[in-house]
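If you want the building blocks of each chain, they are given just below.
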Amino acid sequence: MTEQIESLIRTIVEPLIDHPEEFQIELHDTEEFMEYHLILHPDDVGRIIGRKGRVIRAIRTIVYSVRLRDQKRSRIVIADDLNENEEE
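This text gives an overview of the structure that appears in the document.

Secondary structure assignment for the protein chain yields 4 helices and 3 strands. Secondary structure of the protein chain in N-to-C order comes out as α-β-β-α-α-β-α. When each of the 88 residues of the protein chain is scored for burial, the buried share is 30%. The contacts of the protein chain with a sequence gap of at least 6 include a subset with a gap of at least 24, amounting to 56%. By element, 46% of the accessible surface of the protein chain is carried by carbon and sulfur atoms, the whole surface being about 6,000 Å².

Before going further, it helps to spend a moment on the pairing of strand S2 (residues 33-39). Of all the 7 residues making up S2, 6 are buried; the element is thus mostly covered by neighbouring parts of the structure. Where strand S1 (residues 24-29) meets S2, 6 bridges bridge the pair, whose relative direction is antiparallel. Looking at the pairing, aspartate 29 lines up with methionine 34 of S2. Hairpin connection from S1 to S2: 3 residues lie between these consecutive antiparallel strands.

Turning our eyes to something else, we now look at the packing of aromatic side chains. On inspection of all chains with the given rule, the structure shows 1 aromatic pair. On the basis of an interplanar angle of 45° and a centroid distance of 6.3 Å, the ring pair of phenylalanine 33 and tyrosine 64 is categorised as tilted. Taken together, the residues phenylalanine 33 in strand S2 and tyrosine 64 in helix H3 (residues 54-65) connect sequence positions 31 residues apart. Residue phenylalanine 33 is classed as buried on the basis of its relative accessible area of 13%. According to the relative accessible area criterion, tyrosine 64 is partly exposed, its value standing at 39%. We note arginine 73 situated over the ring of tyrosine 64; from NZ or CZ to the ring centre the distance is 4.8 Å.

Take H3 next. The end-to-end C-alpha separation of H3 is 17 Å, in line with the 16 Å expected for 12 residues at 1.5 Å each. Here H3 has its buried residues at Ile56, Ile59 and Val63. All buried residues of H3 lie within an arc of 65° about the axis, which places them on one face of the element. Turned more than 90 degrees from where H3 packs its buried face, Arg54, Thr61 and Ser65 sit exposed. Turning to H3, the residues buried within the fold contact helix H1 (2-13), helix H2 (42-49) and strand S3 (73-78).

Rules of the game
Note that residues are indexed from 1 along each chain, following the sequence as it is written. The predicted origin of the model limits local features to residues at a pLDDT of at least 70 and limits the giving and counting of side-chain atom pairs to 80 or more, whereas totals for whole chains, interfaces and linings rest on all residues. Only heavy atoms go into the side-chain values, all of them from the structure, while hydrogens and water stay out. Put simply, DSSP H or I for four residues or longer makes a helix, DSSP E for two residues or longer makes a strand, and each gets a number counted from the N terminus. Only protein chains enter the accessibility calculation, which uses a 1.4 Å probe; a residue whose area is less than 20% of its type maximum is buried, one above 50% is exposed, and one in between is partly exposed. Contact criterion: two residues are considered in contact whenever any of their non-hydrogen atoms come within 4.5 Å of each other. Areas reported as accessible are Shrake-Rupley estimates using a 1.4 Å probe. Residue values count occlusion only from the protein chains shown. We treat two strands as partners when DSSP finds at least two bridges between them. Here a pair means two rings of Phe, Tyr or Trp (six-membered ring of Trp) with centres within 6.5 Å. Their orientation is stacked below 30 degrees between planes, edge-to-face above 60, and tilted elsewhere. For a Lys NZ or an Arg CZ to count as sitting over a ring, it must be within 6 Å of the ring centre and within 35 degrees of the ring normal. Helix span, as expected, comes to 1.5 Å for every residue beyond the first. Working definition: the arc comes from the directions between the helix axis and the C-beta atoms, pointing outward to the latter.

That's the geometry; what it means functionally is another story.
Rendered as structure tokens:
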């Protein structure tokens, strides 16, 4: 299942970015979620977030809605989000 979600994320994100060769996904298993951490080139972060967060919100809605029985929900975290959380 995680491979299918990762493939879905790649299918959505790669056409939107200018540096697909630097795009990586790290999987983190937490108590509540399977978190997919997106590692992006700094120039691509804004493209994925979009105006007022519309693009990432749409991507998160799609990924969060995919769920099989007895599976955790999926969640997307952008590397930039991680840096902001570490500073707080």
